[in-house]
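# Commentary on secondary and tertiary structure
Read off the chains here:
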Amino acid sequence: MRILGARGVALNGAGREAHMPEMFLRRLSRWQAEGQREAVADLYADLYVDLCADASGGTGAGNGSGSGSGSGSGVRQDFLRRFEHDVQQTDFDMVVAHVAGNLVGCLYGYRAERGGEWWESFRHVLSPAVVEQTASGRVFLLSEVMVAHPERGSDVAYRMRTLLLTRHTSDVVVAVIRPDDDQGREVLQSWDWTKLGEFAPRQEGWLRPPSPMP
């Protein structure tokens, strides 16, 4: 999982500034999500290039508007392969955000398979509550979170998360990130999620607080 472009975003639902254009959220079916794959891949590639530029002290090549980036073509293709896998998973669920007709955010996930390889890589002891939900197939994996850079300072990540998880109030919701993903950890901590433990190879899981908080 990657959480891209969300650093500095108002993650607690503080609302949009008065001068900001209106934002529209939409939940997509699997078929609709497949129809948006190219736009979502453009957003991902732009954000990834910007992230690499920020890390190297550059200014960034992407603009987060869905225009794509030549230097991010390999990253884009890797993302499309992962997306093609994810969109076919059980109970795939996706929310997108648009401002002035431009895609500015995307968040999606799917239900974890019981007894799958995903859980076999977990290195810690699960709590009885998580074990029970896992056995009943009630674990939802948050797969990707993307927020366009122009939306830094808005509440887009918070609003997408809230809408997506309204269908998963009785589920255990888990996000898995790399240990060096400081931005992802910052976002999850701001949502009051707690660290579940480590997965092999070099990943860590984070757990959503119990409902009613989405």
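Quick caveat: nothing in here was measured; it's all calculated off a predicted structure.

Cut-off values and rules
Counting of residues starts from 1 at the beginning of each chain's written sequence and follows it residue by residue. Only residues with pLDDT of 70 or above have their local features reported here, since the model is predicted, and side-chain atom pairs are shown and tallied only from 80 upward, although totals for entire chains, interfaces and linings are computed over all residues. Computation of side-chain values covers all heavy atoms of the structure but excludes hydrogens and water. Strands are runs of DSSP state E lasting at least two residues, helices are runs of H or I lasting at least four, and both sets are numbered from the N terminus onward. The cut-offs for exposure are 20% and 50% of the maximum accessible area for each residue type, with area from a 1.4 Å probe on protein chains only; residues under the lower value are buried, those over the upper are exposed, and the others partly exposed. We call two residues contacting when some pair of their heavy atoms lies within 4.5 Å. Here, a strand pair is defined by DSSP locating no fewer than two bridges between the strands. Side-chain atoms within 4.5 Å link the members of a nonpolar core, which is a set of buried Ala, Val, Leu, Ile, Met, Phe, Trp, Tyr and Cys residues. The pLDDT value expresses, per residue, how confident the predictor is, ranging between 0 and 100. In this tally, Lys and Arg are treated as positive and Asp and Glu as negative; His is ignored, and so are the chain termini. For salt bridges, the criterion is a side-chain nitrogen of Lys or Arg within 4 Å of an Asp or Glu carboxyl oxygen. N or O atoms within 3.5 Å of each other form a polar contact, as long as, within protein, one can give a hydrogen and the other can take it, and as long as residues adjacent in sequence are counted only when both atoms are side-chain atoms. Helix span is expected to be 1.5 Å times the residue number reduced by one. The reported arc concerns the directions from the helix axis to the C-beta atoms and nothing else. In summary, the pairing rule links any two rings of Phe, Tyr or Trp, Trp by its six-membered ring, whose centres are within 6.5 Å, and it sorts them by plane angle into stacked for under 30 degrees, edge-to-face for over 60 and tilted for everything else.

## A look at the overall build of the protein
The secondary structure content of the protein amounts to seven helices and eight strands. Per-residue burial for the protein yields a buried fraction of 51% across its 214 residues. Sequence-distant contacts in the protein: of pairs separated by 6 or more residues, those separated by 24 or more amount to 72%.

## Section: the environment of Ala157
Relative to the helices and strands, Ala157 is located in helix H6 (residues 156–165). Owing to a relative accessible area of 0%, Ala157 belongs among the buried residues under this scheme. With 50 residues separating them along the chain, Ala157 and Leu107 place their C-alpha atoms 8.1 Å apart.

## Observations regarding the side chain of Arg185
Mapping Arg185 onto the fold places it in helix H7 (residues 182–190). Residues within four places of Arg185 in sequence aside, it is in contact with Ile177, Arg178, Pro179, Asp180, Glu204 and Trp206.

## Notes on the pairing of strand S4 (residues 102–111)
Buried residues dominate S4, accounting for nine of its 10 residues. Note: strand S3 (residues 93–99) against S4, seven bridges, orientation antiparallel. Note that in S4 the partner of Val99 across the bridge is Asn102. Between S3 and S4, which pair antiparallel and follow one another directly, the connecting turn spans two residues, one of which, Ala100, has a positive phi of 50°.

## So, the nonpolar core
Core analysis: the biggest nonpolar cluster contains 45 residues, and Met94, Met146 and Trp193 have the highest contact counts within it. In contact with Trp193, other than residues within four places in its own chain, are Leu142, Arg161, Leu165, Val173, Val174, Ala175, Leu188, Trp206, Leu207, Arg208 and Pro209. Listed in part, the 12 residues of the second largest apolar core include Ala112, Val139, Val172 and Leu196.

## So, the confidence of the model for the protein
Per-residue pLDDT for the protein has a mean of 79; in total, 72% of the residues score no lower than 70. Averaged pLDDT values over the elements of the protein bottom out at 65 in helix H4 (residues 117–120) and peak at 96 in S3. The low-confidence segment residues 59–70, where pLDDT is below 50, has 26 contacts with residues more than four positions distant or belonging to other chains.

## Topic: the side chain of Arg208
By the secondary structure assignment, Arg208 is in the segment after strand S8 (203–207). Within the buried core, Arg208 has no salt-bridge partner, and the shortest N-O distance to an opposite charge, that of Asp171, equals 6.4 Å. In terms of polar contacts, Arg208 uses its side chain to reach the backbone carbonyl oxygen of His168, at 2.8 Å.

## Concerning helix H3 (residues 73–86)
Between its first and last C-alpha atoms H3 spans 20 Å; for 14 residues at 1.5 Å apiece the expected length is 20 Å, and the two agree. Among the residues making up H3, those that are buried are Val75, Arg76, Phe79, Leu80, Phe83 and Asp86. The arc that holds the buried residues of H3, viewed along the axis, is 140°, so those residues lie on one side.

## What about the pattern of salt bridges?
Scanning the entire structure with this criterion turns up 16 salt bridges. In this structure, Asp93 engages Arg167 in a salt bridge whose closest nitrogen and oxygen atoms are separated by 3.8 Å. A residue pair is termed long-range when its members are at least 10 positions apart, and Asp93 in strand S3 and Arg167 in the loop between H6 and strand S6 (172–177) qualify at 74 residues. A relative accessible area of 56% means that Arg167 is categorised as exposed. The shortest N-O distance in the salt bridge between Asp180 and Arg178 comes to 3.2 Å. Taking relative accessible area as the criterion, Asp180 reaches 46% and is therefore assigned partly exposed. According to the relative accessible area criterion, Arg178 is partly exposed, its value standing at 33%. Ionic contacts of the salt-bridge type, sharing partners, join the residues Arg37, Glu38, Asp42, Arg76 and Glu84 into one network.

## Quick word on the packing of aromatic side chains
Across all of its chains, the model carries seven aromatic pairs by this definition. With a centroid separation of 6.2 Å and an interplanar angle of 20°, the aromatic rings of Tyr44 and Tyr48 are classed as stacked. In this pair, Tyr44 and Tyr48 are both assigned in helix H2 (residues 37–55), four residues apart and thus about one turn of the helix distant. On the basis of an interplanar angle of 55° and a centroid distance of 5.8 Å, the ring pair of Trp191 and Trp193 is categorised as tilted. Judged by its relative accessible area of 2%, Trp191 is buried. On the accessibility criterion, Trp193 (3% relative accessible area) is buried.

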